[in-house]
Structures are given as C-alpha cells and as structure tokens.
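Architecture at a glance
Single-letter residue listing:
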Amino acid sequence: MSFVVNVFQLNQKAPQPTKRHRASKPKVKSGCWTCKKRRIKCDESRPCCQRCITFGTQCEGYEPRAKPERPSSKEPDKIRSIIPLLSLEPFEAANIFQDDEEYQYFIHFREATVFELCEHMGFSGNLWNYITMQACSAEPCLRMLLISLASLSKSATDAKREAIHQQYALKQYGKSLRGLQKRMSTRDEPHAGRIALIASLMIFCFETQFGCIDAAVSHMRTALGILNRRLATIDNPTFSHIEHDSPFPDIEYDLYAALVRADHSMVTHSPVLKLSYLPETKPIPSTFTEMQEARDFSCELIGPSVIKYLPHSVLKDISNMTVPSQGYFNTSQQYMPTPVYLKFARKLEVWKTAYAPIYAKCSSDPKHKDFLPASLLQLHTLCASLLARKLHWPNQALPETMRVQAREIISLGRQIITHERFPRNFTGFDTGVVFPFFVVIITCEDPVIRRAALDLYRIGTRRESVLNSEQCIAAGENLLKLEERSLDCAVF
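Computed from a predicted structure; not experimentally measured.

1. Description of the overall build of the protein
Regarding its fold elements, the protein presents 18 helices and five strands. With 492 residues in all, the protein has 53% of them scored as buried. A separation of at least 24 residues holds for 73% of the contacts in the protein among residues at least 6 apart in sequence. As presented, the protein carries roughly 23,200 Å² of accessible surface, and 53% of it is formed by carbon and sulfur atoms.

So, in structure tokens, the structure goes:
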C-alpha cells in the first residue's frame, strides 16, 4: 500500500485545519536532564524517570554538569541558504512544536535519523542537519514530514512500541501531505519550488522505509521533473561535485547535489535530469586533505563514467530469468566504450594514490570517528573498478586481480556491517553496502564469492535508495540456480 499522493500537481485547496495553541511553559529547573530539555515536569524517579521510560527514550540522569560553551555562530562552509542559519539552541527553544511528543521525535531526528540518512555514508550533513531543519522551522508541513520520518525511524529501534510509533508516523504523514497540498495551491508562493524539492526528498525516504518503492520512485521522478523545468530556463545547465555551486539562487548546492545523486542512485531506472557535467576544472590532487574532498572527486569520477552504462533493468532482468545461463553479462555487447574505460581506469589510479594516506589513517582503528565513511568510500571505489571492468569486457571472465578486488569487497563489507556504529536494519537515502554486494553477485563468476555476498545481505535488512537486500538476495539466488543448471546441462 502506498501512502503518497502527488501534492505538487493538485490545485484544489485542503480544508483549513483548526489552529492549535501551545501553552507557554516555564523553564524546568529540577528533574532529569532529558525532561529539562523537553521543559516538562519530571517525576524524579531514580535511577531513571518514568516519563522517559514511558516514551522509550534514554533518561540522561540527574548528575550535575558543567555549563556548556555557547555555540559558535559561524555558519558551516559552503552553505548557501535563503533562510539564515540558526544555531541549534534557539531552534530548540522556538515555540514551534504542538506538544512534547513532537519535540521528543524532533530530538530523535536530530540525534539518530540524520545519521541514518547520510552521515555514516560520509556525505555532508548540511542538507539534513541545517537546510532541512531550517526549512522545517518555517514550514509546518515540512515539520510534520520531519516528525513522521523520525517516528518511523524510532519504530525500527523500539520493538515494544513499534505499532504506536508507526501509527503516529502515518498520522503526521497524512497531515503533512494535506498541508503540502494547500501550500502548493498558493500561486504567489515565492519559494514553492524549493519547498516541493525538500518535501520530495523526505517523502522519498518515508515511502522507501515503508517498502513502497514504486510510489517513492514515482514521486522522486516528479520532483526531478520540477528541477528539470527549472534547468530548462538555463543555457547549457551543468553540475559538478567539485565546484559546489548551484545554478539557482533559491536552491542550495547540497539540495541540488542530493537530487542529482538521487537521479544516479536510482540504478533501476533511467536518469531524468537533463544536464551535463562540467569539464574537468580541477585535477585530482596528489594527496587529499580531507574526507569530503576525496568523496567529491570520487562522485565526480564514478557517476558520469560508470553508473550511466549499467543497464537499468539489470535487477528486474536477473529476477525474471528462467532459462539456464552462464551469467547476466554473457554477451558480446560492450556497454562501456574503450576510451571511456581507459580514461576512468587512469583517473581511478590517481585517485587511489591521493586517498591512500587518509584511508590508512582512518581504517587502522575501528574506533576512529571516520572509520565508517572512509571504509564505505573505499568499498564504493572497489565496486566501481569491478563494475567498469565488466561493463567494458562483459563476456570475459574476470582476471585474478579483479577476483581479489571482489574478495576485498566482501572482507571490507563484513567489517562495515558488523561495526558497532553501523545500523543493522536500515533505510537510507544514499547507497551504502547493498549496491556493492550486488555488483559482486552480477560480475564475479566464482560461486563461493557470490554466496559470501548473499550471506552478508542476511546480517540485516537494508533499504538504500531504491535497492533493498531482500530483492538482491532473490535475484542473486535465481542467478546462481540458473548458472548451476547451465553447468549441469553442459556436463550431459
């Protein structure tokens, strides 16, 4: 069942909801730290207060704390927002929540859901930490979407109250869609396009988490169509992960980049956006100075050079195969032209050299704060190298060097998904481990390596962009079964 409606193409006005007023509350001076933050009366039960236990959140206790330093007013680098960025302190204190329950879900979004959406992948958290939160502070319909995402996220970690969290999520989601419908029907709304794009990303995440992939993709393609119409007003629209620039004054780069990534990451669907990548304006440095720089150059290298050549029907084709086969790529067709492959392979070697110092530093200690993003970036690079080799020579068996890469993907992937900070059951906006494991399954002829990739999927249920682990398991097992039947027929 899908819960989404195309609110951006509806013109009828929604009924005016009854406005609720939240009573002003005095600052709470006693009780546990969690209740102080929520500005509610604490029952002061020891060792944990009953209010926190009832909601299912962690009680921060009663121990005295040193006075925190005042947050810096310096804005994050490379943020271009039409709404002035606020520090989290005044944003929390703003009287914008209908009740304490909404506020507690907001806290969960800030402290947990943001991490699930992008941060452990190594992408900048500016989109969800700042742009989305600031938009939600000004737009009630977006705020309800944020709350619905947070409560859905909470349901995955609170088994005892899972149904309650999900019911609340659906209630807020329905209210947000009605609010968006009304908001988009306002003809003179100057920021309607920006509101629609931010809402689309949040709706996409909500629908994929519920498993309504078709609805999520349909809505995202509508949003990309909105962006396409904006791009059509510009001569020769371009995009670059390196330049960090947006062609629109009302759309921040991070929002623009997220939509481009969404267009690329929906690997089971053809791209929607009609834009070209800027010619290479900066060479890959000899050594990267920070993780984000390495990721920017990686995205610039992999997106237009590799992913675009992967057949968009690959998952569906493998799932629906019924005739014994020697592999999906058992064809003489060359998907990736030789000049493109040689240029990509040459640049990839330069990138690996530049990234080596950062990766060595971050991957040596699993407790390092950048262990996960550094390892995931390495995983994606190995995946791109393996996939490019197969797209260039589809009907040739992988050489031993590439089999070594496939084994390295399995080994590194196991370290990532068993890491204590990596969420087991997860729904995210960006690609993480699901796609790299799938690449191993469709490119590597070794059944032992393929089964190892399938076993990694079974460690936890994951949905990343439009791919989920159950789909990939079914497709992989079907491919293995048909190849085994093909070998049996060859014997006889």
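2. Here's the deal with the environment of Tyr173
With respect to the helices, strands and loops of the structure, Tyr173 is situated in helix α7 (residues 162-184). Between the C-alpha atoms of Tyr173 and Ile147, which are 26 residues apart in sequence, the distance is 8.3 Å.

3. Thoughts on the packing of helix α5 (residues 126-138) against helix α6 (residues 140-155)
Running from N to C, α5 and α6 point in directions that differ by 125 degrees, and their axes come no closer than 6 Å. One finds that α5 runs oblique with respect to α6. The chirality of how α5 crosses α6 is left-handed. Touching Thr132, Met133, Ala135, Cys136, Ser137 and Ala138 of α5 are Pro140, Leu142, Arg143 and Leu146, all from α6. Residue classes in the contact of α5 with α6 are distributed as seven nonpolar, two polar and one charged.

4. Quick word on the packing of helix α16 (residues 434-443) against helix α17 (residues 447-457)
Taken N-terminus to C-terminus, the directions of α16 and α17 make an angle of 155 degrees; their axes are 8 Å apart at the nearest point. The pairing of α16 with α17 is recorded here as roughly antiparallel in orientation. Of the two possible hands of crossing, α16 and α17 adopt the one that is left-handed. Mapping the contact onto sequence places Val434, Phe437, Phe438, Val440, Ile441 and Ile442 in α16 and Ile449, Arg450, Ala453, Leu454, Leu456 and Tyr457 in α17. Across the contact of α16 with α17, the residue classes break down as eleven nonpolar, no polar and one charged.

5. Comments concerning the pattern of salt bridges
Pairing between side chains of opposite charge can happen when their charged atoms approach one another. For the coordinates displayed, the defined rule picks out twelve salt bridges. Residue Asp455 pairs with Arg458 through a salt bridge whose shortest N-O separation is 3.1 Å. Note on Asp455: relative accessible area 46%, which makes it partly exposed. You can call Arg458 partly exposed: its relative accessible area is 44%. Among the ionic contacts, a cluster of salt bridges with common partners joins Asp455, Arg458 and Glu477.

6. Points about the packing of aromatic side chains
This model, assessed by the stated rule, comprises twelve aromatic pairs. When the ring of Tyr103 is compared with that of Phe106, the centres are 6.2 Å apart and the planes differ by 35 degrees; the resulting orientation is tilted. With Tyr103 and Phe106 both in helix α4 (residues 100-117), this residue pair falls three residues apart, about one helical turn. Taken together, a centroid distance of 5.7 Å and an interplanar angle of 75 degrees make the contact between Phe437 and Tyr457 edge-to-face. Of this pair, Phe437 sits in helix α16 while Tyr457 sits in helix α17; the two residues are 20 residues apart in sequence, bridging distant segments of the chain. Relative accessible area serves as the criterion here: at 1%, Phe437 is assigned to the buried category.

7. Examining the nonpolar core
Among the nonpolar cores identified, the biggest contains 71 residues, and Tyr355, Phe438 and Tyr457 are the most heavily contacted of them. Counting residues per element, the ones that place at least two in this core are α11 (291-305), α12 (314-320), α13 (338-363), α14 (371-392), α15 (400-417), α16, α17 and α18 (469-491). With 13 residues, α14 is the single largest residue contributor to this core. Those residues within four positions of Tyr355 in sequence are excluded, and the remaining contacts are Phe288, Met291, Ala294, Ala374, Leu377 and Gln378.

8. Observations regarding helix α10 (residues 253-265)
In this model, α10 (13 residues) spans 18 Å end to end at C-alpha, consistent with the 18 Å of a helix rising 1.5 Å per residue. Of all 13 residues that make up α10, twelve are buried, and the element is covered over most of its length. Elements that come into contact with the buried residues of α10 comprise α5, α8 (192-209), α9 (213-231), β1 (238-239) and β2 (276-277).

9. Thoughts on unusual backbone geometry
Notably, Asn236 is not glycine yet its phi reads approximately 50 degrees, a positive angle. With respect to the helices, strands and loops of the structure, Asn236 is situated in the loop between α9 and β1. The backbone phi angle of His244 is positive, close to 55 degrees, even though this residue is not glycine. Mapped onto the fold, His244 is located in the loop between β1 and α10. When its relative accessible area of 14% is taken as the criterion, His244 is described as buried.

10. Let's talk about the confidence of the model for the protein
Per-residue confidence for the protein gives a mean pLDDT of 78; residues scoring 70 or more make up 78%. Counting contacts from residues 1-5, a segment whose pLDDT is below 50, to residues more than four positions away or on other chains yields 17 contacts. Long-range and interchain partners of residues 67-94, a stretch whose pLDDT sits below 50, account for 44 contacts in this model, where long-range means more than four residues apart.

11. Describing the side chain of Glu252
Position of Glu252 relative to the elements: it lies in the loop between β1 and α10. Taking relative accessible area as the criterion, Glu252 reaches 0% and is therefore assigned buried.

12. Looking at the environment of Pro237
Structurally, the position occupied by Pro237 is in the loop between α9 and β1. Separated by 40 residues in the primary sequence, Pro237 and Tyr277 place their C-alpha atoms 8.7 Å from one another. Apart from the residues within four sequence positions on either side, Pro237 is in contact with Leu231, Lys274, Leu275 and Ser276.

Calculation criteria
- Residues numbered from 1 in each chain as written.
- Predicted model: local features only at pLDDT ≥ 70, side-chain atom pairs only at ≥ 80, totals over all residues.
- Heavy atoms only, no water.
- Helix = DSSP H or I, 4+ residues; strand = E, 2+ residues; numbered from the N terminus.
- Buried < 20%, exposed > 50% of the residue type's maximum accessible area, 1.4 Å probe, protein only.
- Contact = heavy atoms within 4.5 Å.
- Areas by Shrake-Rupley, 256 points an atom, 1.4 Å probe, with all protein chains shown as cover.
- Axes fitted to C-alpha atoms, helices over the stretch in contact; angles between N-to-C directions.
- Parallel < 35°, antiparallel > 145°, perpendicular 65-115°, else oblique.
- Left-handed = near helix turned anticlockwise from the far one by under 90°.
- Nonpolar A, V, L, I, M, F, W, Y, C, P; charged D, E, K, R; others polar.
- Salt bridge = Lys/Arg side-chain N within 4 Å of Asp/Glu carboxyl O.
- Phe/Tyr/Trp six-rings, centres within 6.5 Å; stacked < 30°, edge-to-face > 60°.
- Core = buried A, V, L, I, M, F, W, Y, C linked by side-chain atoms within 4.5 Å.
- Expected span 1.5 Å × (residues − 1).
- pLDDT = per-residue confidence, 0-100.

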